[in-house]
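Here is how the chains run, residue by residue.
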Amino acid sequence: MSKRKAFLDSVDPERTEDFLNFIKLHKNGAEPFDLAEVLVELQKAEREELWAKLVQLLRHTIASCPTEHWNNGLDEDSGDEMEVEVPSDVKQAMSVIEGVTLVATVSIDSVQDNDTYTSLLQCAAMLNDIVNLLPASEVLLRQAVHWLFECWWGRGLQGKEELGWTVFIACLEDMVTLKKPLTQLQSGYKVREVLLSVDFESEEGQRATNVLLQCFLNVPLIKREEGKRFLAFLFGWDVNFIRMIHGTIKNQLQFFPKAVMADVAEIYFRAWKKASGTFLEEIESTCIQDLMQHAVLLHRNSPVLPKVRQILRYFHKQKFRQGIDEMLDKLYKPILWKALKAANAEVRANATLLLSEAFPLHDPSMSSDKIDEAVQKQLDTLFALLGDPQPLVRSTAVLAVCTILAKCWEVIPSTIITDFLKKLMTQLATDTSSPDVRCSVFTCIPLILENSMSHPLLEKLLPALKTSLHDTSEKVRVAFVDMLLKIKAARAAKFWKVCSMEHLLARLEVDAPSVSKRIVNLLFNSFFPVNQSEEVWCERCVTLIQMSPQAARKFYQYAYLYTAPTNIAKLMLMIRKCLNVCIQNSRDDPNETGSSNKENTSVLEDVLSVKDTLAMASLLEIVVILWRSIRKSLEHNEEAMQYTVVKFSSVLPDYLRVFQEERCTAPLILLASLLPPATVPTFSCGVLPRLKKLNPGCPVAHYSQIVECLCGWGQAGHIVELITDWLAEALPKTTNKEDTSRKVRIHETAEAKPDLGLDYLEYLLTKPRTRDSVLGLPLAQLKQLHKALADWKSALYSSLSESRSEVSVSTTETALRAFTMHGRLSVHLHHKHPEGRDFLVSLEHSGAWVMERVLPFLVAPDNDNSVSEQQVTVARRIVEICLSVYKDVVRVALGDEEFKGQVLELCSSVLLSEKGYVCIPLLLSVLTEVTQDSSHSAQGLDEQTSVIQAVIINIFQKVLEVLARRLRKDRDEGQELCDSSKGALSDFLLVAEEWGAVSAEVTSGIFSSLFAAVIVEISYTLQKLSHVEEVMSPESVADLPPLSSAILSVLLNSPPVTRSFLSEVSSSVDSEAIDNIVGLAAITHILAIASQTGKFKVELKGIAVSVQKQLQNHYSIMAEESLNVQRAIYESMVRTLNSILMP
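Residues numbered from 1 in each chain as written. Predicted model: local features only at pLDDT ≥ 70, side-chain atom pairs only at ≥ 80, totals over all residues. Heavy atoms only, no water.

As recorded in an unreviewed UniProt entry, the chain goes by Condensin-2 complex subunit G2 and comes from Chanos chanos.

(A) Representation of the overall build of the chain in the model. Regarding its fold elements, the chain presents 57 helices and zero strands. For 1143 residues, the compact-globule estimate of 2.2 N^0.38 gives 32 Å, and the C-alpha radius of gyration of the chain, at 45 Å, exceeds that figure by more than 25%. Along the first, second and third principal axes, the C-alpha atoms of the chain reach 140 × 120 × 80 Å. In the chain, buried positions account for 51% of the 1143 residues. Contacts spanning at least 24 positions in sequence make up 74% of the contacts within the chain whose residues lie at least 6 apart. Within the structure as shown, the chain displays about 53500 Å² of accessible surface, and the carbon and sulfur contribution to it stands at 51%. The positive charge centre, built from 117 side chains, and the negative charge centre, built from 143, are 7 Å apart in the chain. (Helix = DSSP H or I, 4+ residues; strand = E, 2+ residues; numbered from the N terminus. Rg over C-alpha atoms; globule rule 2.2 N^0.38 Å. Buried < 20%, exposed > 50% of the residue type's maximum accessible area, 1.4 Å probe, protein only. Contact = heavy atoms within 4.5 Å. Areas by Shrake-Rupley, 256 points an atom, 1.4 Å probe, with all protein chains shown as cover. Lys, Arg positive; Asp, Glu negative; His and termini not counted. Charge placed at Lys NZ, Arg CZ, Asp CG, Glu CD.)

(B) Structural context of the domain arrangement of the chain. Looking at the assigned domains, one finds that the chain contains domain 1 (1-67 + 88-141), domain 2 (676-731 + 752-777) and domain 3 (779-915). Each of domain 2 and domain 3 was reduced to a C-alpha centroid, and the two centroids are 25 Å apart. Between domain 2 and domain 3, the residue contacts involve 20 residues of the former and 20 residues of the latter. Between domain 2 and domain 3 lies a buried interface of about 1900 Å² when both sides are counted; carbon and sulfur atoms form 69% of it. Linking domain 2 with domain 3 are two salt bridges, by the criterion used here. The partner of D759 in a salt bridge is R817, with the nearest N and O atoms 2.7 Å apart. For the pair domain 2 and domain 3, the interface holds eight residue pairs in polar contact (both at pLDDT 80 or more). Only α39 (716-730), α41 (754-766) and α42 (768-775) provide two or more residues apiece to the side of domain 2 that touches domain 3. The dominant element in the side of domain 2 that touches domain 3, judged by the number of residues it contributes, is α41, at eight residues. Tallied by class, the residues present in the side of domain 2 that touches domain 3 amount to twelve nonpolar, three polar and five charged. (Domains from an automatic or database assignment. Buried area = accessible area lost by both parts, 1.4 Å probe. Salt bridge = Lys/Arg side-chain N within 4 Å of Asp/Glu carboxyl O. Polar contact = N/O pair within 3.5 Å; in protein donor to acceptor, adjacent residues only side chain to side chain. Nonpolar A, V, L, I, M, F, W, Y, C, P; charged D, E, K, R; others polar.)

(C) Looking closely at the packing of helix α6 (residues 118-130) against helix α7 (residues 139-155). Here α6 crosses α7 at 135°, and the two axes come no closer than 10 Å. Between α6 and α7, the crossing angle belongs to the class labelled oblique. The chirality of how α6 crosses α7 is left-handed. Counted together, L120, L121, A124, L127 and N128 of α6 and V145, L148, F149 and W152 of α7 form the full contact between these two elements. (Axes fitted to C-alpha atoms, helices over the stretch in contact; angles between N-to-C directions. Parallel < 35°, antiparallel > 145°, perpendicular 65-115°, else oblique. Left-handed = near helix turned anticlockwise from the far one by under 90°.)

(D) Up close: helix α24 (residues 474-490). Taking 1.5 Å of rise per residue, the 17 residues of α24 would be expected to cover 24 Å, and the 24 Å separating its terminal C-alpha atoms lies within 8% of that figure. The set of residues buried in α24 consists of V476, R477, V478, A479, F480, V481, M483, L484, L485 and I487. Looking at the packing, one finds that the buried side of α24 touches α22 (435-449), α25 (495-498), α26 (501-510) and α27 (513-527). Backbone geometry just after α24 places R491 at a positive phi near 55°. (Expected span 1.5 Å × (residues − 1).)

Next up, the structure:
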């Protein structure tokens, strides 16, 4: 029996094992059995018989193992699917179904035109019914069935729609769930036409809608070429579906990455290109025109606006394609021209930008005259927009004009181009009302430079802009230099003809780094031509020094940004060689030198001389600047570093001997600091003695280089030791006269200079590099310095307690500086060594010392001279120093809760002292820092934090009480104190208002104190009124009493603070805590002042209604016949409240 006959006989429910054996033989490539060959050899009747048997076999298999049994035991615990053993009958059924699917798939290619394949169709339909019921583990079988349906669709056989739909839906579901759905995408795209056979409103259509819309959210799908083709095809399913697609994409725009927007735009474009009839109209009106509308109306800071523009920009770039110009002109017409004349400036600016990108808008089907007229209208509109009253629109119009000129220079008439450029360069480039407009001119001119045809005209017009290099706005200067860089790169003109070298160097001397770096980039090839020899570099360097020494220093400060470190090192060595030649020439006989070395004479030898101090000093400074700029690179290249050190250390002694002028000494010391001390032993041994020889009060320039030199050598400890010794030796001793005289002799022998030592210490702690060197010293040595500074508190106390003749003013000043430096050093040491509280404790002890020893002297001077004016002044300075240090500690978050408690205790003690009010501005600043720090650390409010909050509120109440008391005793001094406290009070209230998010109690306590202070003062003022003519409603804060005027002027400067204050006013009024006519009048005064701002209308009306209700309780005042003060106050309140409620 032939295999063909045997195979046909095996397709029988009773011989499933034989059937499965044949399937295995087909799958086994080594066996000589191929189903495709067998089916080709079958006759028509045999093929139809085979297909009929397949139906019987499949029906019998399903009947013997119903679909209900296929997933038994698998649905109960999906997590254990792999561990559940599949029943043998289910395995057998799956194998048979797989075999039937395989035979049916192979049979599709063998179907002839005259074949009756009803049985094969019936078989495919049965598989279609059960494909979704297959066990989850049968992934390959499901894929095989889908492949069968896909092949069926490909042959175009009868019933393909139902089978193709199954494949389509399955592919869609996989596309939105799998990370790389390439295979599913390809299969779905093959059967995509089946979608057109399904009604959008049908149940199947609605089922597919959600899955199809999810495809538009799948970024990997959008980015693939196959995906874009598929998604563009979906626009052609149904008109209503287009709206759903567009809505889905719009909702997703803010989440799409910027890189995907070009793909989204391409999908829209492909859909538009393929559409026709109603579909085309729907895409144009619902999608494209809607995007145009959004591009005009969206806020400029909207994250969606740039993405909408990106989609439209894709269409604008397709203007060369047929139909695009006509479409853009038609869709923009009802939107753009209306938007260009809108009242809203942002709308006009958005429309201007769209016009520049879509320019020229015209319908190609119109006559040439009509097209010219349309283009001219657009150009006229742009010219008018350059004069728009809003700077935003003018800036955008500048960008639009430059964009259009860049891409359409060849077709725009020359007269119009000239008019545009003159408008830009003569008016907008000097627009005094807006630096943004001026900046936009210089930012956008480079766009025009991209068109080479613009260069001849621009070369003539650009020099008119040269003064813009000195614009008052830094960003304008940056844009101007960027424009010069573009001119240089495009070779449109000589940049020095646009702006002269003198102007550029003058700006380089003084401008900020953002501008200076760009000028250096612009001039780099002129003064550092890397493609020429080192001699030329040095010549250019000298030329630059002669033109502007300060500009030369700035130029070489940033030169490392634009060349390799190797070139910087070569220039340094070339300058060294040049200096050596100058020194040699100064020693030799000029006549002999000229005759013997005539051939080797360079240009520099004719220009430079050691007598030219300015040039020599500038060259030495430039060497230091260049070395510092490549210091890190040299440290990574040991060989280059060693070579450079050897070269300069060998000549430094000569330099020090020849260049004795002060201008040259400073860079030489800095140069020495870059060398190891062992390489310059003679010089290094004499550096510290130089510090010792300097006189107190000398300029910083005399010791700054020496200090930095020692720190660069790692010898900061010597300076610290010197300072410590001077402070210890100069400290006055409170002993008998004999001891005192002996101590004076020691001072004269040691020549202690504490003031100079404090100058050194201040410089060390101010500069980051030197500070790091000091703080890196052993802690024991730093503690000695710390103690020496602390010991000067005894001298401070002597200044307070002893008579003026016994303690000199200079000693007092020195003691005050030592006290200041003690605090600063304590802060740095605690930051460097935070493991303990030693240095915080030292600061706390200083505060305790101030409270115990200093505050008793912060009193008014007595007539009996028990406390002098000088003692009060010293006491005040000591308190201010301590408060300033405490403020800095809290500001940098170095103080713990215990320390903040000490700070608040000091603040409270200062307020309680007789003249503590003089420290109120500084005290408020300290309170601000404590409040700020506590608000940051009060996420979980503990008991200690709650105590600090209560103390802050209490101290603030005391501040207000002290201010009010001072105003009553001395109005002029109190007024001056209120004015000086406004800035600190404003900062404190801003922090207090922000704390409301963490602790509403603190904010309420602070603003209730403010409210009470204002009400009490205004009420007191109203009670003193004796004449009706004196009653009036205040028109400004100046009409209020001094304290209330200061408080309200601060409150009204910040809307959030004002709202918090008005909230406290509202709660106080609603609680009816104030029920007398004078108190209500005081509240009305507050409302009258707040209403002058034109803001807070809702809050003010709410409070006014409550006050008006309570005012009705005092209506009896109106019954009095004569007009008295209280009645006048009542009538004034009514008028004020009516003006607020009915403006």
